[in-house]
Amino acid sequence: MADKNGLLLDNLFDVLVFVRVSETGNFTSAAEKLQISRSAAGKCLQRLENRVSTRLLHRTTRRLRLTEEGECFYLHAKRILSEVDDAENALYEGRQKPSGTLRVAVPVVFGRNYVMPVIQQYAAQWPDVDIDVSFSDDYCDLIQEGIDVAVRIGGNDDSRLVRKVLAPHRLVTCASPGYLERHGIPETPEQLAAHECLIFRHRGRNVPWQFMRDKNVQLHPVSGRFSLGDTGAVLDAALADGGICQLGAFLAGPEIAKGVLQPVLTAFTPPGEPVCAVYPSKQFLAPKVREFLNTLETQWQGKAVWESPVNQA
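Throughout, a residue's number is its position along its own chain's written sequence, starting from 1. Two thresholds apply to this predicted model, a pLDDT of at least 70 for residue-level local features and 80 or more for giving and counting side-chain atom pairs, whereas whole-chain, interface and lining totals are computed over all residues. The basis for the side-chain values is all heavy atoms of the structure; hydrogens and waters are excluded.

Student: Looking at this structure, how should I read the overall build of the protein chain?
Tutor: Within the protein chain, the regular secondary structure consists of 11 helices and 15 strands. Only protein chains enter the area calculation, which uses a 1.4 Å probe; residues under 20% of their type maximum are buried, those over 50% are exposed, and those in between are partly exposed. Per-residue burial for the protein chain yields a buried fraction of 40% across its 313 residues. Intrachain contacts of the protein chain at a sequence separation of at least 6 include 73% that bridge at least 24 residues. Here the open area of atoms and residues is found with the Shrake-Rupley method and a 1.4 Å probe, where only the protein chains shown may cover a residue. Total accessible area on the protein chain stands at roughly 17,200 Å², and carbon and sulfur atoms take up 49% of it. Runs of E in the DSSP output that reach at least two residues are strands. Runs of H or I that reach at least four are helices, and both are numbered from the N terminus. Should any heavy atoms of two residues lie within 4.5 Å, those residues are counted as being in contact.

Here it is in structure tokens:
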């Protein structure tokens with residue numbers, strides 16, 4: 001990595017010393033972890049600061065504190081060292097068991113209901129792996145946040161990431177039998193204007209519904225008294241005879257199988273975007289990531305396990 005002055009940052013050990021000093025808060029503990037002398041650790045940091053022409057740490061007799069530039073450099077340095085660790089692991093991936101920390105990002109409800117059981121099985125199989133799971137319905141920057149793999153519903157337009165399809169997914173328009181008995185069953189998307197629609201709000205905007213028309217997926221705005229920022233709340237309102245909703249099959253499918261929700265407008269059901277795993281593009285995968293992907297594939301076998309065979313048809 002060259003700076004604008006043409007200097008080459010080629011001594012990774014200096015970077016490692018900086019990271020360990022930043023994490024431990026003092027030179028003595030960092031030197032002990034690295035099995036070098038305190039003075040050697042100090043020289044490494046001084047050499048690194050000279051190379052990048054920037055002070056990375058404020059030093060006093062009592063404590064060390066990262067400068068603003070040091071905090072930025074620390075985040076990048078951690079990522080660099082993680083890549084080096086992955087590179088070393090890859091040399092032995094045929095023989096090495098998964099270890100270290102696996103960082104996974106998943107959607108909130110789908111992740112809790114369907115990814116977490118797989119993660120628990122993975123954890124039981126590989127006890128040397130610690131697992132850090134982030135829950136969010138927003139796409140995060142995997143590389144910036146140091147995420148090893150994310151499970152997402154939908155595609156990926158980030159060229160830095162590899163996309164691996166795990167299972168099909170679809171949207172389901174449905175309502176409770178009680179609601180439909182009182183208000184009737186819509187036969188076209190246009191007839192939804194006469195119904196109470198339960199709207200999902202994401203990032204402050206109502207999400208339009210999708211329908212298949214003339215071999216194309218079309219967005220169809222709907223209206224209703226309820227605009228809810230949580231898909232679980234949308235589901236609860238539908239189960240309480242509150243109106244018609246459009247939800248992912250992973251939410252609606254189990255309730256349809258139980259008979260407490262009934263699909264409508266099935267002739268207009270759009271093809272859904274699949275459930276995918278995405279991860280930073282590399283020539284090789286660390287064993288912890290490779291085995292997690294294998295576990296997902298083994299458990300789901302390319303099927304929407306959240307739907308009954310009848311509902312998947």
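There is more to say after this.
Student: Whenever I open this one, the packing of helix H5 (residues 108-125) against helix H10 (residues 287-300) confuses me. Can you help?
Tutor: Pairs of packed helices are described in terms of their axes, by the angle between the two and the distance that separates them. Between H5 and H10, whose axes approach to 10 Å, the crossing angle comes to 120°. For the element pair H5 / H10, the angle class is oblique. For the element pair H5 and H10, the recorded crossing hand is right-handed. Contact residues: H5 offers Phe110, Tyr114, Val115, Val118, Ile119, Gln121, Tyr122 and Gln125, while H10 offers Lys288, Glu291, Phe292, Thr295, Leu296, Gln299 and Trp300. Lines fitted to the C-alpha atoms define the axes, with helices restricted to the stretch that makes contact. Angles between their N-to-C directions range from 0 to 180 degrees. Here the word oblique covers every angle except those under 35 degrees (roughly parallel), over 145 (roughly antiparallel) and from 65 to 115 (roughly perpendicular). Crossings are classed by handedness, with left-handed meaning an anticlockwise turn of the near helix from the far one by less than a right angle and right-handed meaning a clockwise turn.

Student: Can you walk me through the packing of aromatic side chains in this structure?
Tutor: Where two aromatic rings form a pair, the distance of their centres and the angle of their planes describe that pair. Put simply, two rings from Phe, Tyr or Trp (the six-membered ring, in Trp's case) pair if the centres are within 6.5 Å, and we call them stacked under 30 degrees between planes, edge-to-face over 60, tilted for the rest. This model, assessed by the stated rule, comprises eight aromatic pairs. For the ring pair Phe110 and Phe250, a centre distance of 5.1 Å and an interplane angle of 80° mean the geometry is edge-to-face. Here Phe250 lies in helix H9 (residues 249-258) and Phe110 lies in helix H5, a separation of 140 residues in the sequence. Both residues of the pair, Phe110 and Phe250, count as buried.

Student: In this structure, what is going on with the sheet that holds strand S5 (residues 149-153)? I would like to understand it.
Tutor: In any sheet, the strands associate via hydrogen bonds between backbone groups, in a parallel or an antiparallel arrangement. Strand pairing requires that DSSP identify at least two bridges connecting the strands. In space, the five strands of this open sheet follow the order S4-S3-S5-S15-S6, with mixed pairing throughout. If you trace the sheet from one side to the other, it starts and ends with strand S4 (129-135) and strand S6 (161-167), each paired once. Along the sheet, successive strands turn relative to each other by an average axial angle of 25°, direction set aside. Against the sheet, H5 makes contact with strand S3 (100-106), S4, S5 and strand S15 (275-280), and its axis sits at roughly 175° relative to S4, the strand it touches most. Across the sheet, H10 touches S3, S4, S5, S6 and S15, and the angle it forms with S6 is around 25°.

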